[in-house]
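Residues per chain, in single letters:
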Amino acid sequence: LSVSTVPTAPIAGQKPGTSGLRKKTKEFMSANYLANYVQSVFNTLIEMKTPVQGGTLVVSGDGRFWNPEAIQIIIKMAFAAGVGRVWCGTGGLLSTPAMSAVIRARGKGFESFGGFICSASHNPGGINDDYGIKYNCENGGPSPEKMTDLMVEWTAKIAEYKICDKIPDLDLSKPITYDLGDGKSVEVFDCVEDHLAVLKTCFDFDSIRGLISHPDFSMTYDCMSGVQGPYAIKIVEGELGAAAGSCKNAVPLPDFGGPESAWHGHADPNLTYAVELVRDMGLNKEGLPIASDKPIPKFGAAADGDADRNMILSSQFFVSPSDSLAMIVANSDLIPQFKDGLKGCARSMPTSGALDIVAKKKGIECFEVPTGWKFFGNLMDSGTHYFPDKKTYTPFICGEESFGTGADHVREKDGMWAVLAWLQILAKKTEKSGKLVTCEDVANEHWKEYGRNYYARYDYEGVDKAKSEEMMKMMSDKAGSLAGQEFGGMKMKTNDIFEYVDPVDGSVSKNQGIRYIFEDGSRIIFRLSGTGVAGATVRLYLEKYEAADGSLNQHQFEVVKPLAAIALELSQLQTYTGRETPTVIT
Ligand code: VG1
Ligand code: CO
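Residues numbered from 1 in each chain as written. Chains lettered and ligands numbered in written order. Predicted model: local features only at pLDDT ≥ 70, side-chain atom pairs only at ≥ 80, totals over all residues. Heavy atoms only, no water.

> Tell me about the environment of Thr 586, and name the residues and values.
Summarising the element assignment, Thr 586 is placed in the segment after strand 27 (584-585). Taking the C-alpha atoms as reference, Thr 586 lies 45 Å from Gly 84; in sequence the two are 502 residues apart. If near-sequence neighbours (up to four positions away) are discounted, Thr 586 is found in contact with Asn 270, Leu 271, Phe 403, Ala 456, Arg 457 and Phe 557. (Helix = DSSP H or I, 4+ residues; strand = E, 2+ residues; numbered from the N terminus. Contact = heavy atoms within 4.5 Å.)

> Now, about the packing of aromatic side chains: what can you tell me, with residues and values included?
Each aromatic ring pair is characterised by the separation of its centres together with the angle its planes make. Applying the stated criterion across every chain yields a total of 13 aromatic pairs. Ring geometry for Trp 87 against Phe 189: centres 6.3 Å apart, planes inclined by 85°, an arrangement best described as edge-to-face. Linking Trp 87 in strand 4 (residues 85-89) with Phe 189 in strand 9 (residues 184-189), this pair joins segments that are 102 residues apart in sequence. Phe 189 gets classed as buried once you look at its relative accessible area, which sits at 2%. Here the aromatic residues Phe 28, Tyr 33, Trp 66 and Tyr 131 are joined through ring pairs into a cluster of three or more. One cation-aromatic arrangement involves Arg 452 over Trp 447; the distance from NZ or CZ to the ring centre is 3.9 Å. (Phe/Tyr/Trp six-rings, centres within 6.5 Å; stacked < 30°, edge-to-face > 60°. Buried < 20%, exposed > 50% of the residue type's maximum accessible area, 1.4 Å probe, protein only. Lys NZ or Arg CZ within 6 Å of the ring centre and 35° of its normal.)

> Explain the domain arrangement of the protein to me, using residue names and the numbers behind them.
Domain annotation for the protein reports domain 1 (4-191), domain 2 (196-450) and domain 3 (452-585). On a C-alpha basis, the centroid separation for the pair domain 2 and domain 3 is 25 Å. Here domain 2 and domain 3 share an interface that buries about 2600 Å² over both sides, 58% of which is from carbon and sulfur atoms. A salt bridge links Glu 368 to Arg 515; its shortest N-O distance comes to 3.4 Å. Inspection of the region where domain 2 meets domain 3 yields 12 residue pairs in polar contact (both at pLDDT 80 or more). Going through the elements one at a time, helix 10 (321-330), helix 11 (354-362), strand 16 (365-369), helix 12 (377-381) and helix 14 (439-450) are the ones with two or more residues in the side of domain 2 that touches domain 3. With 5 residues, the single largest contributor to the side of domain 2 that touches domain 3 is helix 14. (Domains from an automatic or database assignment. Buried area = accessible area lost by both parts, 1.4 Å probe. Salt bridge = Lys/Arg side-chain N within 4 Å of Asp/Glu carboxyl O. Polar contact = N/O pair within 3.5 Å; in protein donor to acceptor, adjacent residues only side chain to side chain.)

> Explain the site of ligand 1 residue by residue, including any values.
Around ligand 1 sit 21 residues, and of these Thr 18, His 122, Ser 402, Ser 529 and Arg 539 come closest. One of the side-chain nitrogen or oxygen atoms of Arg 527 is found 2.7 Å away from an oxygen atom of ligand 1. Within the side chain of Thr 531, an N or O atom sits 2.6 Å from an oxygen atom of ligand 1. Here the residues of the shell around ligand 1 are counted per class, giving no nonpolar, 10 polar and 11 charged. (Near = heavy atom within 4 Å. Nonpolar A, V, L, I, M, F, W, Y, C, P; charged D, E, K, R; others polar.)

> Tell me about the sheet that holds strand 13 (residues 310-314), residues and numbers included.
Judged by pairing direction, the sheet is mixed, and its 5 strands sit side by side in the order 11-10-12-13-14 without closing on themselves. Edge strands, defined here as strands with exactly one partner in the open sheet, are strand 11 (247-248) and strand 14 (317-319). Here 2 bridges tie strand 10 (residues 219-222) to strand 11, and the two strands are oriented parallel to one another. The residue bridging Tyr 221 from the neighbouring strand is Cys 247, located in strand 11. (Pairing = 2+ DSSP bridges.)

Structure (C-alpha cells):
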C-alpha cells in the first residue's frame, strides 16, 4: 500500500481531559486537526513499544455526526502507521463498553493492541456541537495519564503525518472482510456480539428472563438515540424477552435526536435531560412523583450517547447513582459474576460514601480515586494484567456519581451491565420472595440497614473560565486553615485539595478537587469539569449522612440545601461567576 507523508504543524489545545479529546465538531473537522491528533497517538504508541507493526486495531464510535468520515481517515492512517488489521463494528458503531470487550476478548491469537472510540460521550453531537476521540489500551481501558501526557507532547512537536490515501472509502454497514493486499485487512463484525458474550458470563440470563416474564413486571429502556439502541434491542428485547417497544429511541442518530427531541440532543441520562423517561416513570425533574395518565413501568433505565452511563428508576422512584453503586455491591452475592466473593470496590472521590459503609460492613477493600474511569484500571489490573507480582483486588465493582457503574469484566463503565446487574438483583429477590421486588424496595431495605447518604450535584455550566479558576484558587489557598470552625452549626473537620497516589504504580495525580469534610461526615466538594468544550463548568457536590435509625424518606435535594448555602458562602460562587442558580441539579 502506498503511504503519503503530509507535512503539518502543531495545533494548540490538543490536550485530552477527563475522558479523551473533546472539541467543537467544526474544530475537529478543520484541516489536519484529526490527523495531527491521531498521528500523535500512533507516535506515542510506537515510542511506548506497543506492537503496532502488523498488529490489530479497533476503530468505531457512538454514531455521532462526522463519525463516518473520521473513521475512514483513521483506518487509512492506521495502515500507514504499520497496523496489519483493522476491526470495526457494523455501521462504525461500538459502544464504549463494547469497545472495551472487543479489545479484551475478540480474536484469540491475534488480539488487538487498542482502539479509537470516536465519541464525545454524553456531550451533544452535530455540526454545531461536540466531537471527540478516546484511545483505549490493550487492557480495554482508557489511556492512563502517563500516556496522554506523551500524546500531548507529540501534538506540540508534530511535523508530518502518514496516510494510505489510495485506499477507497469502505462500506462498513454489514459484516465483511476487506483484503487490501500487503497483508492488510479490515474486518467488519456485528457490533453487539462480543459485548453480549462477555455479559453472558456475568449474569444468569434465564433468571432475568423469569423476572421479565413476571406478570406484574414491565420495563422501559430509553436509548436517547445514542449507540445503545442495537444493544438494547438485541439483549433486552431479543435475549431477555422484553416486550417489543420496551426499548425507546433505539435507532442511533448523528445528532442524538437534535433540538427536536425532548432532550434537545443531549443524550445524558439524568433527571434533567432524560425528559421522556423521567415523565414516563411518573417523576418530575426534581425526582418527585407526578400524576400519570398511562400505566407506569415497574423498571426504567436510560443510557448516554456512547452507552457507558446509566440511570436506574422504578415507578415514581429515582435511584441516585452513588446509591446504585452501594446497593449493587451490597447485593453482589446475587450476581453470578461475583459468586466466589467480591474482593475490591472503588468510587470516584465526589461519589458518596454509601459504598464505603457497605464495604466496611462486608470486609471488602474499598478505594477512593479521582474523577474519571482511567483511575480504576490499575486497581482492576493489579495482580492480573500488568503486575503479576502484586496483590489482586478482583473481582471488582466500581462507580461514579455521574451515572457511571461497572465491574472488571471490561475496563470501562458499562450502561448495559448496570441495567443487567439491577435486573439480576430484582430477579433473585423476586424468586425468593414470590412477589415482585422493585428498585424502591431494595433501596428502602438498604437504607434501613446502612443509613442513607443524601446527595446532590449542582452544575454551573458555561461560566467564565478565568473567573472559575480564580474561585478555585481562592479556595485552594485556604486549604487546611478551616478545621475546627463552625459553618451553619456544623464543625469543619478538614478542608483540603484531593491528591491521589495510585496504590499499584505509585503515580501521583494532584489537584483533583477541593474538599470540605465536616465532623458529622457531611461533605462539600468543588471541581472544574474536564469534559466541556467551551468556557468552564463548576461542579458542586453535596452529601449528608443520615443513620439507619434516622429520617430516611426525605427529599434528597431538600436535605442538602443547607449544605449548598454553606458551599456558596465558602466559594463566593455568586460573586465570582455571577450565577444565582445552577444549570442542572442531579
Ligand atoms: C464527567 C464526570 C466523570 C465522568 C466523565 C466521563 O467528567 O464527572 O465522572 O467519568 O464525565 O463520562 P467531568 O470532568 O466533566 O466532571 V462520559 O460518559 O462523558 O465518558
Ligand atoms: Co459516556
